[in-house]
Amino acid sequence: MAKYFNITSALTQELVAPGEGQTISSIALTNIQGTNECDVDLYIKKSLSGEFYILKDVTLPVGVTLTHNFTFNNKADEFGLYIQVTPSTGTPSLDVILN
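Before going into details, it helps to say that this report is about the structure given with it.

## Quick notes on the side chain of K3
So, point 1. Its location among the elements puts K3 in strand β1 (residues 3–7).
So, point 2. Within polar-contact distance, the side chain of K3 engages the side chain of E20 at 2.7 Å.
So, point 3. Sequence-distant contacts of K3, defined by excluding residues within four places in its chain, comprise L15, V16, E20, Q22, V96, I97 and L98.

## A word on unusual backbone geometry
So, point 1. With a phi close to 70°, L48 is a non-glycine residue in the positive phi region.
So, point 2. Note that L48 resides in the loop between β4 (38–46) and β5 (50–60).
So, point 3. Classification of L48 as exposed rests on a relative accessible area of 93%.
So, point 4. Despite not being glycine, D77 has its phi angle at roughly 65°, a positive value.
So, point 5. With respect to the helices, strands and loops of the structure, D77 is situated in the loop between β6 (65–73) and β7 (80–87).

## Considering the side chain of Q33
So, point 1. Positionally, Q33 belongs in the loop between β3 (23–31) and β4.
So, point 2. At 2.8 Å, the side chain of Q33 and the backbone nitrogen of N36 are in polar contact.
So, point 3. Not counting the four nearest positions on each side in its chain, Q33 is found in contact with V62, T91, P92 and S93.

## Digging into the pattern of salt bridges
So, point 1. Per the stated rule, a full pass over the model turns up three salt bridges.
So, point 2. Taking the shortest distance from any N to any O, the salt bridge between K56 and D41 comes out at 3.5 Å. A residue pair is termed long-range when its members are at least 10 positions apart, and K56 in strand β5 and D41 in strand β4 qualify at 15 residues.
So, point 3. Relative accessible area serves as the criterion here: at 44%, K56 is assigned to the partly exposed category.

## Thoughts on the sheet that holds β5
So, point 1. A sheet is described by the order of its strands in space; here four strands give the open sequence β2-β7-β4-β5, paired in antiparallel fashion. Sheet topology places β2 (13–16) and β5 at the edges, where each strand pairs with a single neighbour. For this sheet the average axis-to-axis angle between neighbouring strands, irrespective of direction, equals 25°.
So, point 2. Bridge analysis of β4 against β7 gives eight bridges, and the strand direction is antiparallel. Counterpart to D41 in the pairing with β7 is Q84.

## Section: the environment of N69
So, point 1. By secondary structure assignment, the location of N69 is in strand β6.
So, point 2. Not counting chain neighbours up to four residues away, the residues in contact with N69 comprise S25 and S26.

## Quick word on the packing of aromatic side chains
The relation between two aromatic rings is expressed through the spacing of the ring centres and the mutual angle of the planes.
So, point 1. Across all of its chains, the model carries three aromatic pairs by this definition.
So, point 2. Taking the centre distance of 5.1 Å and the plane angle of 45° together, the rings of Y43 and Y53 count as tilted. Taken together, the residues span a long stretch of sequence, with Y43 in strand β4 and Y53 in strand β5 at a distance of ten residues.
So, point 3. On the basis of relative accessible area, Y53 is assigned to the partly exposed category, the value being 37%.
So, point 4. Judged by relative accessible area, which is 6%, Y43 ranks as buried.

What counts and how
Residues numbered from 1 in each chain as written. Predicted model: local features only at pLDDT ≥ 70, side-chain atom pairs only at ≥ 80, totals over all residues. Heavy atoms only, no water. Helix = DSSP H or I, 4+ residues; strand = E, 2+ residues; numbered from the N terminus. Polar contact = N/O pair within 3.5 Å; in protein donor to acceptor, adjacent residues only side chain to side chain. Contact = heavy atoms within 4.5 Å. Buried < 20%, exposed > 50% of the residue type's maximum accessible area, 1.4 Å probe, protein only. Salt bridge = Lys/Arg side-chain N within 4 Å of Asp/Glu carboxyl O. Pairing = 2+ DSSP bridges. Axes fitted to C-alpha atoms, helices over the stretch in contact; angles between N-to-C directions. Phe/Tyr/Trp six-rings, centres within 6.5 Å; stacked < 30°, edge-to-face > 60°.

What is shown is where atoms sit, not what they do.
In structure tokens:
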């Protein structure tokens, strides 16, 4: 089942909690902020294992959609999926779709 998010904060946000049992095969990120580009970090994280980046400091211009295919299954005691969006100025506005 697809999950949808609208990210409007530069704080790190959890997209899929560890142990949620969500299987993901692709992600789409769209910068809908009107005038400013943003940088995106997308990573998986597990206690005692650390963070592993899927995307690191990737710049998304206004109106651009980035899609990425990958397989992620977060069974119990496994990884969670996280995102951090840093706007060039102002407040970020990023749509995220997980399939």
